[in-house]
Amino acid sequence: MFKNILKGLRSYKDSFKLIHELKLWKYFLVPMGISLLFGIGIFFAVYGLSDNLGRFFAKAWIWDWGKEGFTEVATWFGALVVLLLAFILYKHIVMALSAPFMSPVSERIENHYYPQARNHIQHRDTTNMEQLWRGLRINLRNISYEILITIPLLLLSLIPVVGILFTVLAFIVQAYYAGFGNIDYTLERHFKYRDSIHFVKRNRGIAIGIGIIFMGMLFIPVLGVILVLPFSVTAASRATLEEMIKEENLQQLPGNQNPQINAQ
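Residues numbered from 1 in each chain as written. Predicted model: local features only at pLDDT ≥ 70, side-chain atom pairs only at ≥ 80, totals over all residues. Heavy atoms only, no water.

Draft legend 1. Fine view of empty space enclosed by the protein. Counted under the stated rule, the structure contains 2 cavities of 30 Å³ or more. If you go around the largest cavity, the residues you meet are M95, G135, I138, N139, G181, D184 and Y185. Listing elements by their share of the lining of the largest cavity, those giving two or more residues are α7 (128–156) and α8 (163–187). Class assignment of the residues belonging to the lining of the largest cavity gives a composition of 3 nonpolar, 3 polar and 1 charged. Lining the second largest cavity are A99, S103, Q131, R134, G135, D184, Y185 and E188. (1 Å grid on protein atoms, 1.4 Å probe; cavity = no way out; pocket = protein on both sides within 12 Å on 5 of 7 lines; lining within 4 Å. Points joined across faces, edges and corners; volume = space filled by probe spheres on them. Helix = DSSP H or I, 4+ residues; strand = E, 2+ residues; numbered from the N terminus. Nonpolar A, V, L, I, M, F, W, Y, C, P; charged D, E, K, R; others polar.)

Shown next, in the form of structure tokens:
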């Protein structure tokens with residue numbers, strides 16, 4: 001698992017160079033705009049709703065003594081809940097709406113590294129609407145699982161000392177599903193819905209590694225939400241294609257330009 005997490009992290013290496021070399025920036029213009037708008041929306045949602053949610057939580061404290069301190073803690077907790085839910089929604093809505101734009105990026109990268117892959121690996125031709133529907137379906141599934149897992153972890157993170165462990169686990173869950181969404185831009189061209197889910201489960205370490213950088217970039221003001229998709233999709237495409245080649249035992253695929261695969 002740890003080895004695959006590192007592999008997912010390393011997949012970001014030379015992403016900027018590859019985007020420039022393949023002239024991919026034009027494909028990212030609309031997704032970057034979507035990402036920026038939703039990022040601004042998250043900021044105002046957290047700013048506007050945290051106090052209201054905090055006052056709602058504060059009603060649970062029925063005693064007069066310590067009410068002010070509990071209200072302050074509840075406000076911070078309310079902001080954390082809003083921020084977490086906003087991040088979850090942001091990731092999946094943006095990735096779902098960006099699917100028709102990201103699939104061509106993944107395909108350009110595949111043609112660059114593995115020009116003969118179409119002749120050796122199962123390939124599905126899909127329309128933009130099919131890609132959008134696939135993206136919505138995958139991300140709605142992931143939102144459901146992510147919320148069900150993350151909310152209990154968030155509550156457990158309030159436990160003194162050991163709570164830090166649950167905070168880390170919540171971040172890993174977030175990273176996994178962020179990586180999942182980026183990986184599926186490549187998988188949708190090759191696998192059906194269920195097969196894609198099984199592929200990501202087999203390679204969950206890579207998904208986590210990709211998602212860690214994805215999540216980290218979101219904490220970079222403005223620039224992070226603009227550049228997160230270009231870098232994450234490019235990295236995920238490379239890592240996913242490498243694993244697909246390995247699973248198909250096609251290390252010697254004709255035209256293979258990937259030095260990592262050739263060296264194995």
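Anyway, onward from the coordinates.
Draft legend 2. Main features of the pattern of salt bridges. Under the counting rule described, the total for this entry stands at 5 salt bridges. E243 is the salt-bridge partner of K7, the closest N and O atoms lying 3.3 Å from each other. Taken as a pair, K7 in helix α1 (residues 2–10) and E243 in helix α11 (residues 223–247) lie far apart in primary sequence, 236 residues in all. Side by side, K7 and E243 carry an identical accessibility label, which is buried. Note that D184 is salt-bridged to R134, the shortest N-O span being 2.8 Å. (Salt bridge = Lys/Arg side-chain N within 4 Å of Asp/Glu carboxyl O. Buried < 20%, exposed > 50% of the residue type's maximum accessible area, 1.4 Å probe, protein only.)

Draft legend 3. Layout of the nonpolar core. Counting 60 residues, the largest nonpolar core has I109, I183, F214 and L218 as the members making the most contacts within it. Within the second largest apolar cluster, 6 residues are counted, among which are F77, V81, I88 and L154. (Core = buried A, V, L, I, M, F, W, Y, C linked by side-chain atoms within 4.5 Å.)

Draft legend 4. Seen up close, the packing of aromatic side chains. The final tally for this structure, using the stated rule, is 6 aromatic pairs. Here F191 and F199 contribute two aromatic rings whose centre-to-centre distance is 5.7 Å and whose plane-to-plane angle is 45°, an arrangement assigned as tilted. You can call F191 buried: its relative accessible area is 12%. F199 sits in the buried class, given a relative accessible area of 1%. Counting every residue linked through ring pairs, the aromatic cluster contains F16, W25, F28 and F231. Sitting above the plane of the Y193 ring, R137 keeps its charged end 3.7 Å from the centroid. (Phe/Tyr/Trp six-rings, centres within 6.5 Å; stacked < 30°, edge-to-face > 60°. Lys NZ or Arg CZ within 6 Å of the ring centre and 35° of its normal.)

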